Amino acid sequence: MESAPPTPAELARSLTAWAATADEAAVAALVAQNPGRLPDDVLRSIGRELLAAERNRRAPVRVAYLGPEHSFTHWAAALRFGETADLCPVASIGATFDAVARGETAFGLVPVENSTDGRVVDTLAAFARLAADESSAVVICGEVPLPIHHHLMSAGPRSAVRRVYSKPQALSQCRGWLAENLPGAEILPESSTAAAAARAKSEPGAAAVGGERLAAEHGLTILASQIEDNPRNVTRFAVLGTEPAEPTGDDRTALLLRIPHEPGSLADALAVFARHEVNLSLIESFPLPGGEPGYLFFLDCDGHAVDPPVAACLRSLGRVAKSVSVLGSYPRVRG
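Now for a quick tour of the structure. Just so you know, these numbers come straight off a predicted model, no measurement behind them.

Take the environment of L266 next. Inspection of the secondary structure assignment puts L266 in helix α10 (residues 265–275). Here the alpha-carbon distance between L266 and A321, two residues 55 residues apart in the chain, equals 9.1 Å. Excluding anything up to four places from it in sequence, L266 contacts I259, I283 and F297.

Further remarks concern the pattern of salt bridges. Scanning all chains against the criterion turns up 11 salt bridges. For the salt bridge of R199 with E190, the shortest nitrogen-to-oxygen distance reads 2.7 Å. Under the relative-accessibility criterion, R199 is labelled partly exposed at 32%. According to the relative accessible area criterion, E190 is buried, its value standing at 18%.

This paragraph deals with the side chain of E143. Within the element layout of this structure, E143 appears in strand β5 (residues 139–147). Overall, E143 belongs to the buried group, its relative accessible area being 3%. A polar side-chain atom of E143 sits 2.9 Å from a polar atom in the side chain of R252. If sequence neighbours within four positions are ignored, E143 has contacts with R80, R236, F237, V239, R252, Y330, P331, R332 and V333.

Because each turn of an α-helix spans 3.6 residues, side chains separated by three or four positions in sequence point in the same direction. Burial analysis of helix α3 (residues 72–81) places nine of its 10 residues in the buried class, which makes it a mostly covered element. Residues of α3 that are buried: F72, T73, H74, A76, A77, A78, L79, R80 and F81. Following α3 by one or two positions, G82 has its phi on the positive side, about 90 degrees.

Calculation rules
Residues numbered from 1 in each chain as written. Predicted model: local features only at pLDDT ≥ 70, side-chain atom pairs only at ≥ 80, totals over all residues. Heavy atoms only, no water. Helix = DSSP H or I, 4+ residues; strand = E, 2+ residues; numbered from the N terminus. Contact = heavy atoms within 4.5 Å. Salt bridge = Lys/Arg side-chain N within 4 Å of Asp/Glu carboxyl O. Buried < 20%, exposed > 50% of the residue type's maximum accessible area, 1.4 Å probe, protein only. Polar contact = N/O pair within 3.5 Å; in protein donor to acceptor, adjacent residues only side chain to side chain.

None of the figures reported here should be taken as evidence of function without further support.
Given below as structure tokens:
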């Protein structure tokens, strides 16, 4: 009798090490041996796609991401898991967490921060709920840093543009260019860049801001390329899974910290990192849910939670903080 196919949870257990660690190590080794005929970023992209295709040939990976299709999150998911993965759009960041927690998908992908706009509030709120749920097995097991390039696209000429649509974050990242080059146009928010592109296709005088894949998908003309104000505009995405990633020697650890709401408590907590020589690469505050006075702090530090300096730091933090939650340790992706 033919055996039943593995469940998403079983796939997560067997594939997490490969999907979150082995492929990045293999890609790094490939780039290190580059004889120079191809740029490193091109070779890196080819290597990731080949490894993802092999992974999906063995057992197709089901991945939840914030939809719709052809959004930057979709692009990041395809970059991380390959075009052959079963990429499943969901309606919200919270739904991405839920899909992984319920075992409906092996992995999820959510945006964490943008180099222009900073933190993604909905993701931080979902992490706060995750830390409060002691029964949840969802952890961060990888990251995808994605360069974000925005393009102005429309079905008509640039001279006819009267309204520009996109999601608020994209409009914010292009506010300077839009003010200088389309000062008379109305800037209007949409639920997603894909919805904005659909408006630009059907609405005379409308244009959209988004990725170039949208232009091809909706049959739009790119009127101006790379209009983001910051040429190094990058969004970092977190890969969610149910199995921790093994240490690689070049890792990050994400923490959620709650400290007493009193003078000096944050300084005391940060001093712990300095004392143990653990470098912090991100710190963000978030109001406590329910209107309670005080803040949660989201931190990224260098190293894996099992590394001796980080482990000692976590033990010391437990003595000065009300709570410390490790959201996950994961391999750092460079380039």
